[in-house]
Amino acid sequence: MTLRRFFLISLVPCAASAVHAQAARLDATADAGLRRAVEREVVTARSIGLPEGLLIAKANEGIAKRATPKRITDAVAALGKRLQVARTQLAPNPSEDEIAAGADALYVGVPAPILKKMRAAWPNRSLALPLGVLTELVAKGLPADRAARTVTDLMTRGASNVQLYTLAQSVQGDVAAGWAPEAALDLRARGVMSLLPPAPAASAFTNPRGKP
Amino acid sequence: MDADHDELIERAATTLRRGAHRNPRAIARILAAVEGRPRHWWRSVPWPSAPYSLAATSLLIAASLILGFFTRQATERPRNERELAGLPAARPLPVVPAARVTGEALPLPVQFTLRDVRAAQVALIGDFNGWSPSATPLEPGDVAGTWSVTIPLSAGRHVYAFLVDGKTWMTDPRAQTSRDLDFGHANSVLIVQAP
């Protein structure tokens, strides 16, 4: 091992620390009351291992949108609860991206158990993109159950992230062009399904109680 | 044959022995030259020679981790205390926060553009930079009124907006929008595809 290699190894944790240090910071214009309220939420999140940076980012979003401190505090507290639910539903080892995406899905009205079913469908792959696709579909006006069934069926049948992404983009475009969201999802999902192998068996999501 | 061989070896050895003692002054000159050569200080330092042992390598890695730990303690804790005390924070780097990077897929470069001929400055704010107005400024283009910035984003759904001249909230005209139930302003939406 040369001295150069030693210094390179030394730089790895230093660089990681520097990047982490940039992760989140409360806007300097926040008043003292808001700062204390956000600090309380952050301390709580930290104590239970939630990604605290997301809470600070939510507060910064409210500050940038010139929301009242009360509204910002309420939004931060609500996000803290969603993060906790998302982490529980996406157990056992969700990444921060997955927890954030799960919280976003809950925010637009996706029921919490759907997150658990999506985790069951993709236990070893990141759900950040599928959850983002689901969130966007629901945000576009699709019923959460209908959108979740479609996304989970695609995942179970082996759809790739690219195919899920294409589905979301296509539905977005169709809805923007004036299509009904459900009609757009049905048509675009058929298009992706036609490229996939047939389903080996009914997924846990489409047959949640396990009855024949 | 053996007698010839032994005789040849014996003659060679005799010659060599005689040569070694024939010129003692030459030997003395060589030794004097070696002793007189200037010695550099670094030649006296006992540098470790490669390859290191497993234990030495482990020690070096442990030392680097400890150095990183203390660096983090030194850079992060005072920053939070400063911020929570209301003091202005340092200007952040325009990078994707570590919290948004999963490690499963590398972030992909995404370019954001805006055309606004009246803007003096434009910032990109979104969930990927903690909604910080100072984190990701857009650069003016060669054509007047054009602004752009390219940043790496992790796969998934992101919401964002432009902040024009530090006060005007503007959604991206080229992107879909999403309602914001918390604060009442719509956000632009972007889904970043995972490879």
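Quick caveat: nothing in here was measured; it's all calculated off a predicted structure. (Residues numbered from 1 in each chain as written. Chains lettered and ligands numbered in written order. Predicted model: local features only at pLDDT ≥ 70, side-chain atom pairs only at ≥ 80, totals over all residues.)

## Regarding the overall build of chain A
This is how it is decided: Helix and strand assignments follow DSSP, with helices taken as H or I runs no shorter than four residues and strands as E runs no shorter than two, numbered in order from the N terminus. Counting other C-beta atoms within 10 Å of its own, a residue is labelled buried from 20 upward, exposed at 12 or fewer, and partly exposed in the gap between, with every C-beta atom placed from the backbone. Note on contacts: each residue gets a C-beta atom placed from the backbone, and two residues are in contact if those atoms are within 7 Å.
Counting its secondary structure elements, chain A contains 10 helices and zero strands. In chain A, the order of α-helices and β-strands from amino to carboxyl end is α-α-α-α-α-α-α-α-α-α. Within chain A, the proportion of its 212 residues that are buried is 48%. Restricting the contact set of chain A to residue pairs at least 6 apart, pairs at least 24 apart contribute 67%.

## Structural notes on the environment of glutamine 84 of chain A
All names here are of chain A. By the secondary structure assignment, glutamine 84 is in helix α4 (residues 69-89). For glutamine 84, a count of 17 C-beta atoms within 10 Å gives the class partly exposed. Sequence separation of glutamine 84 and isoleucine 99 is 15 residues, and the distance between their C-alpha atoms is 8.3 Å.

## So, the pairing of strand β4 (residues 146-153) of chain B
Residues and elements named next belong to chain B. Using the following cut-off: Strands pair, by our definition, only if DSSP identifies at least two bridges between them.
Relative to β4, strand β1 (residues 108-115) runs antiparallel, the two being bridged by eight bridges. Along β4, the bridge assignment pairs threonine 113 with serine 148. As paired strands, strand β3 (residues 139-140) and β4 are joined by two bridges and run antiparallel to one another. Within β4, the residue paired with proline 140 across the bridge is tryptophan 147. Between β3 and β4, which follow one another and run antiparallel, lie five residues, and glycine 145 among them has a positive phi close to 85°.

## Quick notes on the nonpolar core
Most often, soluble globular proteins have nonpolar side chains that are buried together. Residues and elements named next belong to chain A. Inclusion rule: We define the nonpolar core as any set of buried residues of the types Ala, Val, Leu, Ile, Met, Phe, Trp, Tyr and Cys, connected via C-beta atoms lying within 7 Å of each other.
The biggest cluster of nonpolar side chains holds 81 residues, and the ones touching the most others in it are Val38, Leu55, Ala59, Val133, Leu134, Leu137 and Leu164. Looking at this core element by element, the count peaks at eight residues for helix α7 (residues 128-139). Among residues more than four places away in sequence, those in contact with leucine 137 are Leu142, Ala147, Ala168, Val171 and Leu185.

## Quick notes on the sheet that holds β1 of chain B
Working definition: the strands of a sheet are paired by backbone hydrogen bonds and lie parallel or antiparallel to each other. Pairing is antiparallel across the open sheet formed by three strands, whose spatial order is β1-β4-β3 (chain B). Only two strands of the sheet have a single neighbouring strand rather than two, namely β1 and β3 of chain B.

## Considering unusual backbone geometry
Leave glycine aside and you will find that most residues have negative phi; peptide bonds, for their part, are mostly trans. At the junction of alanine 91 of chain A and proline 92 of chain A, the peptide bond is cis and its omega measures out at 15° in the coordinates. Along the chain, proline 92 of chain A falls in the loop between α4 and α5 (96-108). In this structure, arginine 66 of chain A is a non-glycine residue whose phi angle is positive, near 60°. As for its placement among the helices and strands, arginine 66 of chain A is situated in the loop between α3 (52-64) and α4. Classification of arginine 66 of chain A by C-beta neighbours within 10 Å gives exposed; the count is 12. Here tryptophan 131 of chain B, not a glycine, exhibits a phi torsion of approximately 55°, which is positive. Turning to its location among the elements, tryptophan 131 of chain B is positioned in the loop between β2 (122-126) and β3.

## Comments concerning the environment of proline 123 of chain A
Residues and elements named next belong to chain A. You can see proline 123 is positioned in the loop between α6 (112-121) and α7. Owing to 10 C-beta atoms within 10 Å, proline 123 belongs among the exposed residues under this scheme. Between the C-alpha atom of proline 123 and that of proline 94, which follows or precedes it by 29 residues, the distance is 9.8 Å.

## Describing helix α9 (residues 161-176) of chain A
In plain terms, the rule: Multiplying one less than the number of residues by 1.5 Å gives the expected span of a helix.
When the terminal C-alpha atoms of α9 of chain A are compared, their 22 Å separation across 16 residues agrees well with the 22 Å that a helix rising 1.5 Å per residue should span. Those residues of α9 of chain A hidden inside the fold are in contact with α7, α8 (144-156) and α10 (181-193) of chain A together with β7 (176-178) and β8 (187-192) of chain B. Directly beyond the C-terminal end of α9 of chain A, a positive phi value near 105° is found at glycine 178 of chain A.

## Overview of the packing of helix α2 (residues 32-47) of chain A against α3 of chain A
Residue and element names in this part refer to chain A. For the record, the criterion: Between N-to-C directions, angles cover 0 to 180 degrees, with each direction set by a line fitted to C-alpha atoms, over the stretch in contact for helices. If an angle is under 35 degrees, it is roughly parallel; if it is over 145, roughly antiparallel; if it lies from 65 to 115, roughly perpendicular; otherwise it is oblique. If you view the pair so one helix is near and one far, a crossing is left-handed when the near helix is turned anticlockwise from the far one by less than a right angle, and right-handed when it is turned clockwise. For this classification, Asp, Glu, Lys and Arg are treated as charged, while Ala, Val, Leu, Ile, Met, Phe, Trp, Tyr, Cys and Pro are nonpolar and the rest, including Gly, are polar.
Where α2 contacts α3, the two axes come as close as 8 Å, and the packing angle between them is 160°. Our classification of the angle between α2 and α3 gives roughly antiparallel. Here the hand of the crossing between α2 and α3 comes out right-handed. Counting all contacts with α2, which are made through Val38, Glu41, Val42, Ala45 and Arg46, the residues of α3 involved are Glu52, Leu55, Ile56 and Ala59. Considering only residue class, the contact of α2 with α3 consists of six nonpolar, no polar and three charged.

## Side note on α4 of chain A
Residue and element names in this part refer to chain A. Here α4 spans 30 Å end to end across 21 residues, near enough to the 30 Å set by a 1.5 Å rise per residue. Of all the residues in α4, the buried ones are Ile72, Thr73, Ala75, Val76, Leu79, Gly80, Arg82, Leu83, Ala86, Arg87 and Gln89. Those residues of α4 that are buried are in contact with α2, α3, α5 and α6.

## As for the confidence of the model for chain B
All names here are of chain B. Rule in force here: Values of pLDDT, ranging from 0 to 100, describe the predictor's confidence in every residue of the model.
When the pLDDT values of chain B are averaged, the result is 72; 54% of them are 70 or greater. When the elements of chain B are averaged for pLDDT, helix α3 (residues 54-84) gives the smallest value, 57, and β2 the largest, 97. The low-confidence segment residues 75-103, where pLDDT is below 50, has 62 contacts with residues more than four positions distant or belonging to other chains. In the predicted assembly, ipTM is 0.74 and pTM is 0.64.

## A word on the environment of arginine 115 of chain B
Residue and element names in this part refer to chain B. When you line up the elements, arginine 115 lands in strand β1. For the pair formed by arginine 115 and threonine 146, sequence separation is 31 residues and the distance between their alpha carbons is 4.5 Å. Non-local contacts of arginine 115, meaning those with residues more than four positions away in its chain, are made with Gly145 and Thr146.

## Considering the packing of α9 of chain A against α10 of chain A
Residue and element names in this part refer to chain A. For the pair α9 and α10, interaxial distance at closest approach is 9 Å and the crossing angle is 145°. In the packing of α9 onto α10, the handedness of the crossing is right-handed. Contacts between α9 and α10 involve Gln163, Leu167, Ser170, Val171, Asp174 and Val175 from the former and Pro181, Ala184, Leu185, Arg188, Ala189 and Val192 from the latter. Considering only residue class, the contact of α9 with α10 consists of eight nonpolar, two polar and two charged.

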